[in-house]
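# Residue-level structural notes
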Amino acid sequence: MKIFCVGRNYADHAKELGNEVPEEPVIFMKPKTALLQSHTPFYYPEFSNELHYEAELVLRVCKNGRYITEQQAQRYYDAVTIGIDFTARDIQAALKKKGLPWEKAKAWDNSAVVGNWVPLTEKLLKNPIHFSLKNNQTTVQVGDTSHMIFSFNQIVSHISNYFSLNIGDLIYTGTPAGVGECVVGDILEGFFENEKMFELEIK
Ligand code: MG
């Protein structure tokens, strides 16, 4: 199982971190050990002093494939949820400054959270999907798929030009503006439309 992540897929988020809006999807990966298993506590990573949440819609791959066209792409994912691409922002800033890879900031154990899966239907995909994240009951991020720079289908197609997609792979589709710091004791709650998909305490 592989975890793909898209960076800078919402223009307002790219801007808040001082990044350019990309011309093609920015893709990075997390290993399967990054996936936080349900009922496993989430611990603040000891190597960071600036842990950020990034709430994102996550797609679940349901079909193996390579060189998938945008037109065919919808057949390759069958479920969606909201998740968190946890980021050690201090580590990432240091790596970016040196032009080094991001894995130590992004791909560590338990850095990928997923909520409950929602089966994708034609009807659901026809309209923009809304999602949000609350930290200690305050809404901190609001996302809307109509604001994505690259659509689900463009992302799937682009990834498949470089990597095989396999059943069970996950794709984090990017975070909207509002990323921020979290500390021990914070309670993060992810909502898909108005339904709560996960609740997580930072331990
Ligand atoms: Mg992200």
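Above: the structure in question.
These numbers were taken from a predicted model, which means no experiment stands behind them.

### Things to note about the overall build of the protein
A tally of regular secondary structure across the protein gives 5 helices and 14 strands. In terms of overall size, the protein behaves like a compact globule, its C-alpha atoms giving a radius of gyration of 16 Å where 203 residues would be expected to give roughly 17 Å. The principal-axis extents of the C-alpha atoms in the protein amount to approximately 45 × 40 × 30 Å. The proportion of buried residues among the 203 residues of the protein is 50%. Look at the contacts in the protein between residues 6 or more apart in sequence, and 76% of them connect residues 24 or more apart.

### What to know about the environment of I3
With respect to the helices, strands and loops of the structure, I3 is situated in strand β1 (residues 3-7). A C-alpha to C-alpha distance of 24 Å links I3 and E20, two positions 17 residues apart in sequence. What I3 contacts, discounting residues up to four positions off in sequence, is F28, M29, K30, P31, K32, A34, L35, A112, L170 and Y172.

### Side note on the sheet that holds strand β13 (residues 187-192)
Read from one edge to the other, the open sheet built from 4 strands follows the order β10-β9-β13-β14, with strand pairing classed as antiparallel. Here the strands that pair on one side only, and so sit at the sheet edges, are β10 (138-144) and β14 (195-201). Direction aside, neighbouring strands of the sheet carry axes that sit 15 degrees apart on average. In terms of strand pairing, strand β9 (residues 130-135) meets β10 through 6 bridges, oriented antiparallel. Bridge pairing links F131 to G143 in β10.

### Description of the packing of aromatic side chains
Overall, the coordinates contain 7 aromatic pairs when judged by the stated rule. On the basis of an interplanar angle of 50 degrees and a centroid distance of 5.3 Å, the ring pair of F4 and F163 is categorised as tilted. With F4 in strand β1 and F163 in the loop between α5 (152-160) and β11 (170-172), this pair connects stretches of sequence that are 159 residues apart. With centroids separated by 4.2 Å and ring planes inclined at 20 degrees, the aromatic side chains of F42 and F86 adopt a geometry described as stacked.

Rules used throughout
Residues numbered from 1 in each chain as written. Predicted model: local features only at pLDDT ≥ 70, side-chain atom pairs only at ≥ 80, totals over all residues. Heavy atoms only, no water. Helix = DSSP H or I, 4+ residues; strand = E, 2+ residues; numbered from the N terminus. Rg over C-alpha atoms; globule rule 2.2 N^0.38 Å. Buried < 20%, exposed > 50% of the residue type's maximum accessible area, 1.4 Å probe, protein only. Contact = heavy atoms within 4.5 Å. Pairing = 2+ DSSP bridges. Axes fitted to C-alpha atoms, helices over the stretch in contact; angles between N-to-C directions. Phe/Tyr/Trp six-rings, centres within 6.5 Å; stacked < 30°, edge-to-face > 60°.

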